[in-house]
Amino acid sequence: MKKILVIGIGAGNPEYITVQAVKALNRVDVFFLMDKGVSKEKLNHLRREICKRYITDRNYRIVEATTPERQGEGLGYLKAVDNLNAEKQHVFERLIAEELDDGDCGAFLVWGDPSLYDSTIRILNAIIKAGQHVIEYEVIPGITSVQALTAQHKVPLNNIGHSVEITTGRRLARGFPDNVDSLVVMLDAENAYKALADQAVEIFWGAYLGTPDEILISGKLSEVADEIERVRNAAREANGWIMDTYLLKRGVQDESE
Ligand SMILES: C[S@@+](CC[C@H](N)C(=O)[O-])C[C@H]1O[C@@H](n2cnc3c(N)ncnc32)[C@H](O)[C@@H]1O
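The present account deals with the structure reproduced in this document. It should be emphasised that the depicted structure is a prediction, and the values quoted were computed from it without experimental measurement.

The subject of this paragraph is the site of the ligand. Neighbouring the ligand are 16 residues, the closest being A11, W111, S145, D244 and T245. A11 places a polar main-chain atom, nitrogen or oxygen, 2.8 Å from a nitrogen atom of the ligand. Measuring from a nitrogen atom of the ligand, one finds a side-chain N or O atom of T245 at 2.7 Å. Here the ligand, which alone exposes 560 Å², has 88% of that area covered by the protein. Considered class by class, the residues forming the shell around the ligand number nine nonpolar, five polar and two charged. There are two domains that each give the shell around the ligand at least three residues, and those are domain 1 (2-140) and domain 2 (145-250).

What follows is about the packing of aromatic side chains. Within the structure shown, the criterion is met by five aromatic pairs. An aromatic cluster of at least three residues, connected via ring pairs, comprises F32, F92 and F108.

With mixed pairing, five strands are arranged side by side in an open sheet as β6-β7-β10-β8-β9. Bordering the open sheet on either side are β6 (164-168) and β9 (215-220), each of which pairs with just one other strand. Going across the sheet, the axis of each strand differs from the next one's by a mean of 15 degrees, ignoring polarity. Across seven bridges, strand β8 (residues 201-207) lies against strand β10 (residues 244-250) in antiparallel orientation. Bridge assignment links G206 to a residue of β10, and that residue is T245. Its contacts with the sheet put helix α5 (residues 145-153) on β6, β7 (182-186), β8, β9 and β10, and the angle it makes with β8 is roughly 110 degrees. The sheet contacts of helix α7 (residues 221-239) involve β8, β9 and β10, and relative to β9 the element is tilted by about 160 degrees.

Looking now at helix α3 (residues 77-99). When the terminal C-alpha atoms of α3 are compared, their 32 Å separation across 23 residues agrees well with the 33 Å that a helix rising 1.5 Å per residue should span. Among all positions in α3, only A80, V81, L84, N85, K88, Q89, V91, F92, E93, L95 and I96 are buried. Each element contacted by the buried residues of α3 is listed here: β1 (2-8), β2 (30-33), β3 (61-64), β4 (105-110), α4 (120-130) and β5 (135-140).

Here T150 shows up in helix α5. In this structure, T150 is in contact with V155, L157 and L247, ignoring residues within four places of it in sequence.

Our next topic: α7. Across its 19 residues, α7 extends 25 Å between first and last C-alpha, which sits within 8% of the 27 Å expected from 1.5 Å per residue. Those residues of α7 not exposed but buried are L221, V224, A225, I228, E229, V231, R232 and A235. Elements in contact with the buried residues of α7: β8, β9 and β10. Positive backbone phi, at 85 degrees, marks G240, one or two positions downstream of α7.

Moving on to the packing of α3 against α4. Contact geometry of α3 with α4 gives a least axis separation of 10 Å together with a crossing angle of 70 degrees. It follows that α3 is roughly perpendicular to α4 by the angle criterion. Helix-helix and strand crossings are classified by hand; for α3 and α4 the assignment is right-handed. Side by side, α3 and α4 meet where N85, K88, Q89, F92, E93 and I96 of the first sit next to T120, I123, L124, A126, I127 and A130 of the second. Each residue belonging to the contact of α3 with α4 can be placed in one class, and the counts come to seven nonpolar, three polar and two charged.

Below, the discussion takes up the pairing of β2. Of the two faces of β2, the one holding V30 and F32 and the one holding F31 and L33 are both buried throughout. Relative to β3, β2 runs parallel, the two being bridged by four bridges. Across the sheet, F32 pairs through a bridge with V63, a residue of β3. Relative to β4, β2 runs parallel, the two being bridged by three bridges. By the bridge assignment, F32 is partnered in β4 with F108.

What counts and how
- Residues numbered from 1 in each chain as written.
- Predicted model: local features only at pLDDT ≥ 70, side-chain atom pairs only at ≥ 80, totals over all residues.
- Heavy atoms only, no water.
- Near = heavy atom within 4 Å.
- Polar contact = N/O pair within 3.5 Å; in protein donor to acceptor, adjacent residues only side chain to side chain.
- Areas by Shrake-Rupley, 256 points an atom, 1.4 Å probe, with all protein chains shown as cover.
- Nonpolar A, V, L, I, M, F, W, Y, C, P; charged D, E, K, R; others polar.
- Domains from an automatic or database assignment.
- Phe/Tyr/Trp six-rings, centres within 6.5 Å; stacked < 30°, edge-to-face > 60°.
- Pairing = 2+ DSSP bridges.
- Helix = DSSP H or I, 4+ residues; strand = E, 2+ residues; numbered from the N terminus.
- Axes fitted to C-alpha atoms, helices over the stretch in contact; angles between N-to-C directions.
- Contact = heavy atoms within 4.5 Å.
- Expected span 1.5 Å × (residues − 1).
- Buried < 20%, exposed > 50% of the residue type's maximum accessible area, 1.4 Å probe, protein only.
- Parallel < 35°, antiparallel > 145°, perpendicular 65-115°, else oblique.
- Left-handed = near helix turned anticlockwise from the far one by under 90°.

Listed below in structure tokens is the structure:
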């Protein structure tokens, strides 16, 4: 049986790694690095750094695979993601077949936590369902970018007794959802927060969280939206890519709840 570990490595700081993840790293024969695009170099640098720092007395190999980019926007977002995951599944299957012997342990080092906007678990389940490869896998949780954001801003995620929603910039473009006062926005390529700048909303924004390039801005959205856009554009220009997340809060918290 081939074993796969899906290890959450935290969202940027090598010290976000858990003790459980360190123990898991020390069981691995082959690490598969799967990032893509312009951010690939930096993100994989952190993965290599984590292996160097935390793996003691064990030989391991690192295999970098070119992972496909999402295409076919004309198909609609969900269909395009489905197609992408099917292509990724082929890459995973090839890696498992060619790089792991029976009894070996392979690992995917997932940015942040594998449960949040990441398809590694979905793809492994599809591989098992397809039945061509006999594998078993374990998931080791990591610190998400949401946790990194709230820690750096020293802000609780939820208002007392209230719900939290996590969404994408694409969905925020349709408006602030009803019945929620705390909203986390990820994967926002288009500055979707700007459309809410006339509303009574507070924003806690963070880019490159946990890394030496980290940037934090918070305040009333009406007052800081332009600054965030300016800083964000400049950072993207300087680094060639950006990775940012923000928490929006609206309404007055009832402290008596
Ligand atoms: C594909 S999702 C992966 C999320 C990841 N699994 C997690 O647990 O945070 C990528 C998005 O996560 C957010 N993100 C990840 N790392 C970040 C960081 N260090 N700083 C700010 N945002 C980050 C950004 O919104 C980015 O577009």
